[in-house]
Amino acid sequence: MALAIFDLDETLIHGDCATLWSEQMGRLGWVDPESFMRQNNELMDAYSHGKLRMEDFMTFSLEPMIGRTAEEVAHLVGPWVEDYIEPIIFSDATKTIAAHRKAGDRILVISASGTHLVRPIADRLGIDEILAIELEVAHGVYSGHTVGTLTYREGKIARLLEWLDAEEENLEGASFYSDSRNDLPLLLKVDFPHVVNPDPVLLEHAEKAGWPIHLWK
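Every chain is numbered on its own, with residues counted from 1 as its sequence reads. Given that the model is predicted, a residue must reach a pLDDT of at least 70 before its local features are reported, and side-chain atom pairs must reach 80 or more before they are shown or counted; all residues, however, enter totals for whole chains, interfaces and linings. Only hydrogens and water are removed before side-chain values are computed, so all heavy atoms of the structure are retained for them.

Caption draft 1: Structural view of the packing of aromatic side chains. Paired rings are identified among Phe, Tyr and Trp, the last through its six-membered ring, by centres lying within 6.5 Å, and are further divided according to the angle between planes into stacked (under 30 degrees), edge-to-face (over 60) and tilted (the rest). Taken as a whole, this structure holds 6 aromatic pairs when the rule is applied. Ring geometry for Trp 21 against Trp 30: centres 6.0 Å apart, planes inclined by 85°, an arrangement best described as edge-to-face. Comparing Trp 21 with Trp 30 shows no difference in burial state: the two are buried. Ring geometry for Phe 57 versus Phe 60: centroids 6.2 Å apart, planes at 55°, classification tilted. Of this pair, Phe 57 and Phe 60 both sit in helix α3 (residues 54–62), 3 residues apart, which is roughly one turn of that helix. Summary of the burial criterion: residues with accessible area below 20% of their type's maximum are buried, those above 50% are exposed, and those between are partly exposed, where the area comes from a 1.4 Å probe applied to protein chains only. Numbering goes from the N terminus for both helices and strands, where a helix is a DSSP run of H or I of at least four residues and a strand is a run of E of at least two.

Caption draft 2: Spatial organisation of helix α2 (residues 33–48). Between its first and last C-alpha, α2 extends 22 Å over 16 residues, near the 22 Å set by a 1.5 Å rise per residue. Among the residues of α2, Phe 36, Met 37, Asn 40, Leu 43, Met 44 and Tyr 47 are the ones counted as buried. Taken around the axis of α2, the buried residues stretch over an arc of 125°, which confines them to a single face. Of the exposed residues in α2, the ones pointing more than 90 degrees away from its buried face are Glu 34 and Glu 42. Contact definition: two residues touch when any of their heavy atoms are within 4.5 Å. Those residues of α2 that are buried lie in contact with α1 (17–27) and α3. Taken from the residues just after α2, Gly 50 is the one with a positive phi, measuring 70°. Helix span, expected: 1.5 Å multiplied by one less than the number of residues in the helix. The arc in question is the one spanned by the directions pointing from the helix axis to the C-beta atoms.

Caption draft 3: Expanded view of the environment of Ala 70. If you trace the backbone, Ala 70 turns up in helix α4 (residues 70–85). Placed 31 residues apart in sequence, Ala 70 and Gln 39 show a C-alpha to C-alpha distance of 24 Å.

Caption draft 4: The arrangement of the side chain of Ser 178 in detail. Looking at the element boundaries, Ser 178 is found in strand β5 (residues 175–178). Classification of Ser 178 as buried rests on a relative accessible area of 0%. Engagement of the side chain of Ser 178 in a polar contact is seen with the side chain of Asp 183, the distance being 2.6 Å. Those residues in contact with Ser 178, other than ones at most four positions away along the chain, are Asp 7, Thr 11, Asp 183, Leu 187, His 194, Val 195, Val 196 and Leu 202. Polar contact is the term for a pair of N or O atoms within 3.5 Å; when the atoms are in protein, one must be able to donate a hydrogen and the other to accept it, and sequence-neighboring residues count only if both atoms are side-chain atoms.

Caption draft 5: Expanded view of the sheet that holds strand β4 (residues 141–147). Two strands qualify as a pair provided that DSSP identifies no fewer than 2 bridges between them. Taken in spatial order, the 7 strands line up as β4-β3-β2-β1-β5-β6-β7 in an open sheet, and their pairing is mixed. Of all the strands in the sheet, the pair left with one neighbour each is β4 and β7 (213–214). The sheet contacts of helix α5 (residues 91–102) involve β1 (3–6), β2 (106–114) and β5, and relative to β1 the element is tilted by about 160°. Only the stretch in contact is used when a helix axis is fitted, and all axes are lines through C-alpha atoms; the angle between N-to-C directions ranges over 0 to 180 degrees.

Printed below as a string of structure tokens:
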């Protein structure tokens, strides 16, 4: 049994779940939609160019959730996943997950989005195990802070190594699927790197390295 590791945003789904949730918070009236999305898009542009401090994005994106319980948020995330995420799941992604499952591989999603989004999306994909950005709950409500190492760039490797140790697993024969230059550190760690609908920097690297390039729909 080997690991089959998947990034989430723009890899398993055709979109970024954090941005789509930002839009939803506007619809819920938690934020001013126009100004909030303007800030969101500026930060995501920095992400696409490999220049984002994930701490900055999390501080921004979690602010509307401060003082809300995890249960309150989960109650609203569930229908949002059904309405806005399920329609943008790549069918090729579900086929690849099924093939790895049939091969007996252990499937893991590792994402730079928050657990409040990644967990329910993974559940819809039939994936039980995730590593994502953990949110702090203080006095029963979200504090707006994160906990531990952020699963972003090299942080994905740090969290994965902790998980491997705890689970008595290893990376022998592991595959990792991602679309983003930000995941190059982890792609270089696995035996079988796969790039999915890659950004220009990742595409160039994959072509030079001879990595499989998938155009999922």
